[in-house]
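Coordinates in review
Given next are the chains, with one letter for each unit.
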Amino acid sequence: VTVGHYVKQSERFMDYLVSQKIFDCHKITLPMINSYIRTLVGYTYKTVEQNICSIRAFLRYLQEQEILKGDLATKTPMVQARKQTRIPSVWTKKELDALIGAIDRGNPKGKRDYAIILLACVLGLRVKDIKHLTFDCFHWEEKKLVFTQSKTKERVVLPIPAEVGWAVIDYLRYGRPKVDSPVIFVRHLAPFLPFAEEDHLYQLIRAHMRVAHLPTLKKHRGMHSLRHTAASRLLEQDTPLSVISDILGHADTDSTTVYLKVDIKKLKE
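Residues numbered from 1 in each chain as written. Predicted model: local features only at pLDDT ≥ 70, side-chain atom pairs only at ≥ 80, totals over all residues. Heavy atoms only, no water.

1. Section: helix α1 (residues 2–19)
One turn of the α-helix equals 3.6 residues, which is why residues spaced by three or four share an orientation. For α1, built from 18 residues, the straight-helix expectation of 26 Å at 1.5 Å per residue is met to within 8% by its first-to-last C-alpha distance of 26 Å. In this structure, the buried side of α1 is in contact with α2 (30–38) and α3 (45–64). One or two steps after α1, the chain reaches K21, where phi turns positive at roughly 65 degrees. (Helix = DSSP H or I, 4+ residues; strand = E, 2+ residues; numbered from the N terminus. Expected span 1.5 Å × (residues − 1). Contact = heavy atoms within 4.5 Å.)

What follows is the structure, given as structure tokens:
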């Protein structure tokens, strides 16, 4: 997925070079790079950061291939901005109850979606980690979920709450297609393969939002917002930030403090 981003954003950079009548990469200069970065004014911090990371990777490659003689990658400026300026999007209890209540758990796809959504909003798993869960991750006798995070590569051990465990068991027994794959959650259209790497499961949650008559345009309501919701609910229950960090698999507690913004009472404290 990262390589895909780098390719796409490097192509955009090269399109800009062509518009400036530059047709050979060995003619790239630092002023040209800076003028391209100025075209990104108005985009979010994250978008600008991704674009500059892509350009740096591309410039390093050009230097390794001896197309560029100088090291322009390290001279390319990074964005100086705070990463945690935005307030996380979280679901209210009423909204979450409406979403879960709208899932038809009588059909196989509904059983799958119900288990996925519970893993996200109760245990706070990232979408990528949910998609990568295998049968070996579930230690049923110990009631533990053990997996390696795709983002941090850290091993995480979490208790399996009863509602989450029974949802997964219900899907495995009565919903999952009979396919020879170690991955738990698969698509319910032939050939029943695991979800694609670039699939963020937004269409999954959006379909149930429509049934529940929840607005899909009001806020950012992707699967990751359910992870934010899990963190904010733990905070409401006076769970220490260090414990929330462990549950979410954050390497640094500072990453977890962003969730204080959704709780005015805790923010005052």
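2. Some points on the nonpolar core
By size, the foremost hydrophobic cluster in this structure holds 41 residues, and its most contacted members are L133, L145, F185 and L226. Taken together, the elements giving at least two residues each to this core come down to α4 (93–101), α5 (108–121), α6 (127–132), β2 (144–148), β3 (155–159), α7 (162–174), α8 (202–211) and α9 (223–236). Considering each element in turn, this core owes the most residues, eight residues, to α5. Among all residues touching L133, those that are not within four sequence positions of it are L119, L125, F138, L145, F147, P182, V183, I184 and F185. If you look at the next biggest cluster of nonpolar residues, it comprises 18 residues, including I33, Y36, L62 and L68. (Core = buried A, V, L, I, M, F, W, Y, C linked by side-chain atoms within 4.5 Å. Buried < 20%, exposed > 50% of the residue type's maximum accessible area, 1.4 Å probe, protein only.)

3. Focus: the pairing of β2
Where strand β1 (residues 138–139) and β2 come together, two bridges link them in antiparallel fashion. Along β2, the bridge assignment pairs F138 with L145. Remark: four residues form the turn of the hairpin made by β1 and β2, two consecutive strands paired antiparallel; K143 in that turn has positive phi of roughly 55 degrees. The sheet contact formed by β2 and β3 spans five bridges and is antiparallel. In the strand pairing of β3, F147 is matched with V156. The antiparallel hairpin formed by β2 and β3 contains six residues in its connecting segment, where K153 sits at a positive phi of about 65 degrees. (Pairing = 2+ DSSP bridges.)

4. Quick look at the pattern of salt bridges
Across all of its chains, the model carries five salt bridges by this definition. Where D97 meets K93, a salt bridge forms, and the shortest distance between an N and an O atom there is 2.9 Å. In this pair, D97 and K93 are both assigned in helix α4, four residues apart and thus about one turn of the helix distant. You can call D97 partly exposed: its relative accessible area is 43%. A single salt-bridge network, built from bridges that share partners, covers K109, R112 and D113. (Salt bridge = Lys/Arg side-chain N within 4 Å of Asp/Glu carboxyl O.)

5. A few points about the sheet that holds β1
Sheets are built from strands that pair by backbone hydrogen bonding, the pairs being arranged parallel or antiparallel. The strand order β1-β2-β3 describes an open sheet built from three strands, whose pairing is antiparallel. Of all the strands in the sheet, just β1 and β3 have a single pairing partner and so form its edges.

6. What about α5?
Compared with an ideal rise of 1.5 Å per residue, which puts 14 residues at 20 Å, α5 spans 20 Å between its outermost C-alpha atoms and is within 8% of the ideal. For α5, a buried count of twelve out of 14 residues is recorded, marking the element as mostly surrounded by other parts of the structure. In this structure, the buried residues of α5 make contact with α4, α6, β2, α7, α8 and α9. Measuring from the backbone nitrogen of K109 back to the side-chain oxygen at the start of α5 gives 3.1 Å, which picks out N107 as the cap. (Polar contact = N/O pair within 3.5 Å; in protein donor to acceptor, adjacent residues only side chain to side chain.)

7. A word on the packing of aromatic side chains
What the rule picks out here adds up to five aromatic pairs. With a centroid separation of 5.0 Å and 15 degrees between ring planes, the pair formed by F138 and W140 is classed as stacked. One aromatic cluster is present, formed by F13, Y16, Y36 and F58 through successive ring pairs. Seen from the ring of Y114, R105 lies directly overhead, with NZ or CZ sitting 3.9 Å from the centre. (Phe/Tyr/Trp six-rings, centres within 6.5 Å; stacked < 30°, edge-to-face > 60°. Lys NZ or Arg CZ within 6 Å of the ring centre and 35° of its normal.)

8. Overview of the environment of L118
Counting through the fold element by element, L118 comes out in helix α5. The spatial distance from the C-alpha of L118 to the C-alpha of L62 is 46 Å, given a sequence separation of 56 residues. Leaving out residues up to four positions away in the same chain, L118 has contacts with I100, L123, E163, V164 and A167.

9. Looking at the side chain of S35
As for its placement among the helices and strands, S35 is situated in helix α2. The class of S35 is buried, set by a relative accessible area of 18%. In terms of polar contacts, S35 uses its side chain to reach the side chain of Y16, at 2.9 Å.

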